[in-house]
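Next come the chains, spelled out residue by residue.
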Amino acid sequence: MNAGAKLVKQLKSFVKVHGDGLSTWKATIAALYPDTVGFVPSNAMLSAYGYFDGNIGRGRSKQPVQYSAFGAAVTEVELDVLTGERRVLSTHIKYDCGYPLNPAIDLGQIEGGFVMGLGAMLSEEVTTHEETGDTLSASTWKYKIPTMDLIPQQFTVEFGDWPNPRGIMSSKASGEPAVMASTSALMALQQAVTAAVQELQGLQPGAKCAEGSQVVGDTSGFSVLTAPATPPKLKGTVGAFRLADALEAALLGC
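The shown structure was predicted, so the numbers you read here are calculated from the model rather than taken from an experiment. (Residues numbered from 1 in each chain as written. Predicted model: local features only at pLDDT ≥ 70, side-chain atom pairs only at ≥ 80, totals over all residues. Heavy atoms only, no water.)

Colleague: When you look at the side chain of S171 in this model, what are you seeing that I'm missing?
Modeller: Looking at where S171 falls in the secondary structure, it is placed in the loop between strand 3 (154–159) and helix 4 (183–201). Since its relative accessible area comes to 9%, S171 is described here as buried. A distance of 2.7 Å separates a polar side-chain atom of S171 from the backbone oxygen of I168. Those residues in contact with S171, other than ones at most four positions away along the chain, are C97, G98, Y99, L101 and N164. (Helix = DSSP H or I, 4+ residues; strand = E, 2+ residues; numbered from the N terminus. Buried < 20%, exposed > 50% of the residue type's maximum accessible area, 1.4 Å probe, protein only. Polar contact = N/O pair within 3.5 Å; in protein donor to acceptor, adjacent residues only side chain to side chain. Contact = heavy atoms within 4.5 Å.)

Here you go:
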């Protein structure tokens, strides 16, 4: 939690104050590269590590964090390998809300947090110009917020019966923690890509060539899918594996 404070302390001796905050930041960073080779001074640490031990509070009271929120989600998706389009067929969330103060409000918060996360996992891609750094996805024409086509067709939320002794009337907060449940959609699409590659190429782990020689490399079709899993990215991931495996099979005479 204190990684930012550590960086400020480490860079303090290199600060070059200018008219405003942005100019000061640019001048300070520029001061760390005094030569043409681009080496950073050995005493300038540009990284910091922070951790949370549950005992560091905020504000004047410095009270420790009261509790953590837990949950689990299962999501089923459908992927069109020709276009890269995807649908979220169903999602079931089990959420630790303690004893909900108002189940209707908490339900809306959890569903809203999940859908907000779906945008980050499946559609909201930030693109920038390679040379100028200008944002190219500056409007909803290219920056796609989640719409009704990403909402799970079957969407259920279940509260756990777990009272929170540290919360108000044994409750826990709802909302932001549910955002993390949206990673289940990304992982489901990753599995869908793997299944699609295996089906399209007839791949099986440890597949053999006609001559009996072992196919080298990973024949499982597994792919690391990064967020956001947009249709072009999904289509490209499946297509890249198909091309690579087809070339390898041809070279080995499979």
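Colleague: Hey, could you run me through the nonpolar core in this one?
Modeller: Burial of nonpolar side chains together is a common tendency in soluble globular proteins. If you look at the biggest cluster of nonpolar residues, it comprises 26 residues, and the most contacted ones within it are I93, L122, L189, A229 and L234. At the level of secondary structure, the elements contributing two or more residues to this core comprise strand 1 (71–79), strand 2 (86–95), helix 3 (103–123), helix 4 and helix 5 (231–251). The greatest single-element share of this core, amounting to 7 residues, is contributed by helix 4. With residues near it in sequence (within four places) discarded, L189 still touches V77, L79, R86, L122, L225, A229 and L234. (Core = buried A, V, L, I, M, F, W, Y, C linked by side-chain atoms within 4.5 Å.)

Colleague: Would you explain the environment of Y67 in this entry?
Modeller: In this structure, Y67 sits in the loop between helix 2 (21–31) and strand 1. On the accessibility criterion, Y67 (30% relative accessible area) is partly exposed. Sequence spacing of Y67 and N164 is 97 residues, and the spatial spacing of their C-alpha atoms is 8.0 Å. Ignoring any residue separated from it by four or fewer positions in sequence, one finds Y67 in contact with N164, K172 and A173. A distance of 2.9 Å separates a polar side-chain atom of Y67 from the backbone nitrogen of A173.

Colleague: What is the right way to read the packing of aromatic side chains from this model?
Modeller: Aromatic ring pairs are described here by two measures, namely the spacing of the ring centres and the angle between the planes. Counting across every chain of the model gives 1 aromatic pair. The positively charged end of K144 is found above the aromatic ring belonging to W141, 5.9 Å away from the centroid. (Phe/Tyr/Trp six-rings, centres within 6.5 Å; stacked < 30°, edge-to-face > 60°. Lys NZ or Arg CZ within 6 Å of the ring centre and 35° of its normal.)

Colleague: Would you take a moment to explain the environment of V81 for this structure?
Modeller: Summarising the element assignment, V81 is placed in the loop between strand 1 and strand 2. Taking the C-alpha atoms as reference, V81 lies 9.3 Å from A192; in sequence the two are 111 residues apart.

Colleague: How should unusual backbone geometry be read in this particular structure?
Modeller: For residues besides glycine, phi is generally negative; the peptide bonds are generally trans as well. A cis amide bond links A227 to the next residue, P228, at an omega of 0 degrees. Backbone geometry at M169 places phi at a positive 50 degrees, although glycine is not the residue there. Inspection of the secondary structure assignment puts M169 in the loop between strand 3 and helix 4. Of the residues examined, M169 reaches a relative accessible area of 67% and is grouped as exposed. The phi torsion at S170 lies on the positive side, around 65 degrees, for a residue other than glycine. Note that S170 resides in the loop between strand 3 and helix 4. In this structure S170 comes out as partly exposed when scored by relative accessible area, which is 22%.

Colleague: So what exactly am I meant to see when it comes to helix 2 here?
Modeller: Note that an α-helix has 3.6 residues per turn; residues three or four places apart therefore point the same way. Of all the residues in helix 2, the buried ones are T24, A27 and T28. Angularly, the buried residues of helix 2 cover 100 degrees about the axis, an arc narrow enough to put them on a single face. Structural note: helix 2 exposes L22, W25 and K26 on the side pointing more than 90 degrees away from its buried face. The opening residue of helix 2 is D20, an N-cap whose side-chain oxygen sits 3.2 Å from the backbone nitrogen of L22. (Arc of directions from axis to C-beta.)

Colleague: What am I meant to see in a nonpolar patch on the surface here?
Modeller: Taken together, the side chains of L101, I168 and M169 define a hydrophobic patch exposed on the protein surface, amounting to about 380 Å² of accessible area. Given the relative accessible area of 64%, I168 is considered exposed. (Patch = residues over 30% accessible without salt bridge, like charges linked within 9 Å, V, L, I, M, F, W, Y side chains within 5 Å. Areas by Shrake-Rupley, 256 points an atom, 1.4 Å probe, with all protein chains shown as cover. Salt bridge = Lys/Arg side-chain N within 4 Å of Asp/Glu carboxyl O.)

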